[in-house]
Amino acid sequence: MARVKITETVLRDSHQSLIATRMTTDQMLPVLEKLDGIGYHSLEAWGGATFDACLRFLNEDPWVRLKKIREKVKNTKLQMLFRGQNILGYRHYADDVVEYFVQKSIANGIDIIRIFDALNDPRNLKTSIDAARREKGHVQATISYTISPVHSNEFFAAYAKELEDMGADSICIKDMAGLLKPYDAYDLVKAIKEQVKIPVQLHTHYTSGLASMTLLKAVEAGVDLIDTSISPLAMGTSQPPTEPMVATLAGTEYDTGLDLGKLDEIAKYFEPLRAQYIKSGLLDTGLLKVDVNALLYQVPGGMLSNLVSQLKQAGKSDELLAVLEEIPRVREDAGYPPLVTPTSQIVGSQAAFNIITGERYKSVTKEFRGLVKGEYGKTPVEIKPEFVKRIIGDETPITKRPADDIAPELDVLREKVKPYYEKEEDILTYALFEQVAEKFFEYRKAVKYGVDMEHADRKNKVHPA
């Protein structure tokens, strides 16, 4: 057994999970060289919600962030999270946009692209996998882990084999809701390792309180790599803490080889930032508690906070338990999709509407209608025809790959972004978040030319809440 390798998530998922992705590039830069000297397998530093948050809340160019990180991190691989045909947005994009985004991500410094699809529909991964291979990037094809009557170890192992055959360089088990229990992780890793020859990585969240034990059993089962976060931004809805895992494995056949003294220096850098986040209200200490609802209702932490907000706005805060009980029923109706972006938001919102209106599916969201119609891909279980008809009426369900119906977009986008264009990456920024991108471009122009700075800042900057 080779020593276990670690991906550090503090620059991406841990602050996405705990402080709504509000860590700034300036807060990252001073510690990057020390992070680079630890000996991590990789630093997860980009993708996921970082792109949106940079533009929407921080008035930062995410491409500039990536370049600045790459300039400081010379020895460690940089990793990103990529939503397949959704890229980093919330709809499916044309193949030419997906391919160009992958090309530019690798050109700007990304080494490993962790590619997932919310429905585990391999058709939604093919374009991005092929593009990353062409650009000589490392393709980490990803299983969105969930629990349902059809999601067995055999199901996931067969899917892992299919991803390997599609060209994956490694497999990631993405347990976004912290549902994977320790002994189940042991069996799952064993099942996947029997089917594939490439390395297997495990990503989980501490939400349910199981994650460190889950990682340990996965290590004993032969997992090659694990995701952890430095302790000041670990646990709760984030990842398990790095230092205890390194200490646990030290001196065993799984020894990570990482130095606890050097890790302590990293932790000491983030401790005052953590205190600052708590003081400002960015870090809600409630998110650090073990949340048993994750196991009972399979609800990721971010989805739970969205539901609470939705019910509060409707004056129905006392209906949270009813919504949590409705979510599994809606999920079953919709073909058992894993609850991860964007399907978690889609199923959660529909469950909330069912409770708020007092009648199931009296009001149906556009996104739920799209999920049932097939706009997001093939659901794990075929949705009952009578339910499909109830939701979409006489519309024709989509059975092919959804992106097959999307015409090439790059030329149109290039034309639209002309008033703001400074670099090629601006086209991709605009493609993902059109209105947010326009506001950012206006702000960038105001900063560059000193034009009405006060007005530009007031108009465009959304201060972190």
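For clarity, every value in this text was computed on a predicted model and none was experimentally measured.

**So, the overall build of the protein**
Now for step 1: The helix and strand tally for the protein stands at 22 helices and eight strands.
Now for step 2: Computed over C-alpha atoms, the radius of gyration of the protein comes to 22 Å, within 12% of the 23 Å expected from 2.2 N^0.38 for 465 residues, which places it in the range of a compact globule.
Now for step 3: If one aligns the C-alpha atoms of the protein with their principal axes, the spans along those axes are about 65 × 60 × 50 Å.
Now for step 4: A total of about 19200 Å² of accessible surface is found on the protein, and carbon and sulfur atoms cover 51% of it.
Now for step 5: On the protein, the mean spot of the 60 positive side-chain charges and the mean spot of the 67 negative ones are 2 Å from each other.

**Here we look at the side chain of Asp 36**
Now for step 1: Its place among the elements puts Asp 36 in helix 3 (residues 32-36).
Now for step 2: No salt bridge forms around the buried Asp 36; measuring N to O, its nearest opposite-charge neighbour Arg 70 is 6.1 Å away.
Now for step 3: Looking at Asp 36, its side chain comes within polar contact range of the main-chain nitrogen of Asn 75, at 3.1 Å.
Now for step 4: Setting aside residues no more than four positions away along its own chain, Asp 36 makes contact with Lys 72, Val 73, Lys 74, Asn 75 and Thr 76.

**Observations regarding unusual backbone geometry**
Now for step 1: At the junction of Thr 341 and Pro 342, the peptide bond is cis and its omega measures out at 5 degrees in the coordinates.
Now for step 2: In this fold, Pro 342 is placed in the loop between helix 15 (320-333) and helix 16 (343-357).
Now for step 3: Positive phi, close to 65 degrees, is recorded for Thr 21, a residue that is not glycine.
Now for step 4: Summarising the element assignment, Thr 21 is placed in the loop between helix 1 (13-19) and helix 2 (25-28).
Now for step 5: The exposure class of Thr 21 is buried, given its relative accessible area of 4%.
Now for step 6: Here the phi dihedral of Lys 136 falls at roughly 65 degrees; this positive angle occurs in a residue that is not glycine.

**Observations concerning helix 9 (residues 182-195)**
Now for step 1: Taking 1.5 Å per residue, 14 residues should reach 20 Å; helix 9 reaches 20 Å between its end C-alpha atoms and fits that length.
Now for step 2: Taken together, the buried positions of helix 9 are Pro 182, Ala 185, Leu 188, Val 189, Ala 191 and Ile 192.
Now for step 3: The secondary structure elements touched by the buried residues of helix 9 are strand 5 (138-144), helix 8 (153-165), strand 6 (170-175), strand 7 (200-204) and helix 10 (211-221).

**Overview of the packing of aromatic side chains**
Now for step 1: Taken as a whole and assessed by the stated rule, the structure comprises 17 aromatic pairs.
Now for step 2: Plain terms: the ring middles of Phe 82 and Phe 101 are 6.0 Å apart, the flat faces sit at 55 degrees to each other, and that makes the pair tilted. Of this pair, Phe 82 sits in strand 3 (residues 77-82) while Phe 101 sits in helix 6 (residues 95-107), placing them 19 residues apart in sequence.
Now for step 3: Given the relative accessible area of 0%, Phe 101 is considered buried.
Now for step 4: Here a set of aromatic residues connected by ring pairs shows up, and it is made of Trp 46, Phe 51, Trp 63, Phe 82, Tyr 90, Phe 101 and Phe 433.
Now for step 5: Over the face of the ring belonging to Phe 116 we find Lys 174, whose NZ or CZ atom lies 5.1 Å from the ring centre.

Rules used in this analysis
- Residues numbered from 1 in each chain as written.
- Predicted model: local features only at pLDDT ≥ 70, side-chain atom pairs only at ≥ 80, totals over all residues.
- Heavy atoms only, no water.
- Helix = DSSP H or I, 4+ residues; strand = E, 2+ residues; numbered from the N terminus.
- Rg over C-alpha atoms; globule rule 2.2 N^0.38 Å.
- Areas by Shrake-Rupley, 256 points an atom, 1.4 Å probe, with all protein chains shown as cover.
- Lys, Arg positive; Asp, Glu negative; His and termini not counted.
- Charge placed at Lys NZ, Arg CZ, Asp CG, Glu CD.
- Buried < 20%, exposed > 50% of the residue type's maximum accessible area, 1.4 Å probe, protein only.
- Salt bridge = Lys/Arg side-chain N within 4 Å of Asp/Glu carboxyl O.
- Polar contact = N/O pair within 3.5 Å; in protein donor to acceptor, adjacent residues only side chain to side chain.
- Contact = heavy atoms within 4.5 Å.
- Expected span 1.5 Å × (residues − 1).
- Phe/Tyr/Trp six-rings, centres within 6.5 Å; stacked < 30°, edge-to-face > 60°.
- Lys NZ or Arg CZ within 6 Å of the ring centre and 35° of its normal.

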